[in-house]
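As a plain string of letters, each chain reads:
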Amino acid sequence: MPTRIDSMISKGRGAVKVVEARLRGLVGVFKTLSEQHGEVGSLLKRVKNDPSKRVALWPKIRQELVSHEKAELREVYPVLSEHPETRALALQHDVEASELSMLIDRIHACEILSEEWGMLFDQLVELVEQHVREEENDIFPKAQEVMGAARAREIEPRFLSAKKQVAAAL
């Protein structure tokens, strides 16, 4: 369970990501996804910088990453697959989401205080950071350009509902 400080830092980083997304013209689901990237990224860094936080923060990190990815796969990337201009991006995301899911499962199966857990977690941090850069710099702007701001806003509540459902099932 994250402490109040952990939660405040995470929410603060999410708020910064919202501002950055808006400055890049992103709205709707893409703004929300960017916000969530900031929040979970903050938690990942907290654990990476302080391994004593593993036990407290791993359940939240896992829940956030899994629910975020599964909701994207259900509600966001199928829309990108509909458009020839973004279909390849959606296919590449599916591959990366599968890699991410397998790595999360491997970490979750390890003893949380082990050296192996730490090594796998470092890989996860690197993979998530790369994934976030690709989405926020390449995929989201292109996707919003192709589908339009109205569709990005329309998808947002469906994404949030799907994320909530997945999170509740974990």
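The structure this text deals with has already been given above.
**Student:** So what about the overall build of the protein? Which residues, and what values?
**Tutor:** Scanning the protein from terminus to terminus reveals 6 helices and 0 strands. Helices and strands appear in the protein in the N-to-C order α-α-α-α-α-α. Whereas a compact globule of 170 residues would reach a radius of gyration of roughly 15 Å, the protein reaches 16 Å, a difference of no more than 12%. Principal-axis analysis of the C-alpha atoms gives the protein an extent of 45 × 30 × 25 Å. Total accessible area on the protein is roughly 8,700 Å²; 55% of this is exposed by carbon and sulfur atoms. Of the charged side chains in the protein, 25 are positive and 28 negative, and the gap between their average positions amounts to 6 Å.

**Student:** Tell me what's going on with the side chain of Thr 32, and back it up with residues and numbers.
**Tutor:** Looking at the secondary structure, you find Thr 32 in helix α2 (residues 28–49). Sequence-distant contacts of Thr 32, that is, excluding residues within four places in its chain, are made with Glu 156, Phe 159 and Leu 160.

**Student:** Go over the environment of Lys 164, please, and point to the residues and values.
**Tutor:** Note on placement: Lys 164 falls in helix α6 (residues 149–169). Each C-alpha atom of the pair Lys 164 and Val 18 lies 20 Å from the other, and the pair is 146 residues apart in sequence.

**Student:** Please provide a residue-by-residue account of the packing of helix α1 (residues 4–23) against α2, values included.
**Tutor:** The N-to-C vectors of α1 and α2 enclose an angle of 145°; their axes lie 7 Å apart at closest approach. Note on packing geometry: the crossing formed by α1 with α2 is right-handed. Of the residues in α2, those in contact with Ile 5, Asp 6, Ile 9, Ser 10, Lys 11, Arg 13, Gly 14, Lys 17, Val 18, Ala 21 and Arg 22 of α1 are Lys 31, Ser 34, Glu 35, Gly 38, Glu 39, Val 40, Ser 42, Leu 43 and Arg 46. Classifying every residue of the contact of α1 with α2 by side-chain character gives 6 nonpolar, 5 polar and 9 charged.

**Student:** Outline a nonpolar patch on the surface, listing residues and values.
**Tutor:** Taken together, Ile 5, Met 8 and Ile 9 make up a surface patch of nonpolar side chains, about 280 Å² in accessible area. As for its position among the elements, Ile 5 is in helix α1. Its relative accessible area of 48% is what places Ile 5 among the partly exposed residues.

**Student:** I'd like a rundown of the pattern of salt bridges, residues and numbers included.
**Tutor:** On inspection of all chains with the given rule, the structure shows 12 salt bridges. Across the salt bridge formed by Lys 60 and Glu 64, the nearest N and O atoms sit 3.1 Å from each other. Pair noted here: Lys 60 and Glu 64 are both in helix α3 (residues 54–81), with a separation of 4 residues, about one helical turn. Classification of Lys 60 by relative accessible area gives partly exposed; the value is 31%. Glu 64 is paired through a salt bridge with Lys 163; the nearest N and O atoms lie 2.7 Å apart. Placement of the pair is Glu 64 in helix α3 and Lys 163 in helix α6, with a sequence separation of 99 residues. A residue is classified by how much of its surface remains accessible, and Lys 163, at 10% relative accessible area, is buried. Among the charged side chains, a network of salt bridges with common partners joins Glu 75, Glu 82, Arg 151, Glu 154 and Arg 158.

**Student:** How would you sum up the side chain of Asp 6? Please name residues and give values.
**Tutor:** For Asp 6, the location among the structural elements is in helix α1. Asp 6 sits in the buried class, given a relative accessible area of 0%. Not counting the four nearest positions on each side in its chain, Asp 6 is found in contact with Leu 43, Arg 46, Lys 53 and Leu 57.

**Student:** Could you give me a rundown of helix α4 (residues 87–109), with the residues and numbers involved?
**Tutor:** Counted at 1.5 Å a residue, the expected span for α4 with its 23 residues is 33 Å, and the 33 Å between its end C-alpha atoms agrees. Every buried residue belonging to α4 is among Ala 90, His 93, Glu 96, Ala 97, Leu 100, Leu 103, Ile 104 and Ile 107, and all of these are buried.

Rules used in this analysis
Residues numbered from 1 in each chain as written. Predicted model: local features only at pLDDT ≥ 70, side-chain atom pairs only at ≥ 80, totals over all residues. Heavy atoms only, no water. Helix = DSSP H or I, 4+ residues; strand = E, 2+ residues; numbered from the N terminus. Rg over C-alpha atoms; globule rule 2.2 N^0.38 Å. Areas by Shrake-Rupley, 256 points an atom, 1.4 Å probe, with all protein chains shown as cover. Lys, Arg positive; Asp, Glu negative; His and termini not counted. Charge placed at Lys NZ, Arg CZ, Asp CG, Glu CD. Contact = heavy atoms within 4.5 Å. Axes fitted to C-alpha atoms, helices over the stretch in contact; angles between N-to-C directions. Left-handed = near helix turned anticlockwise from the far one by under 90°. Nonpolar A, V, L, I, M, F, W, Y, C, P; charged D, E, K, R; others polar. Patch = residues over 30% accessible without salt bridge, like charges linked within 9 Å, V, L, I, M, F, W, Y side chains within 5 Å. Salt bridge = Lys/Arg side-chain N within 4 Å of Asp/Glu carboxyl O. Buried < 20%, exposed > 50% of the residue type's maximum accessible area, 1.4 Å probe, protein only. Expected span 1.5 Å × (residues − 1).

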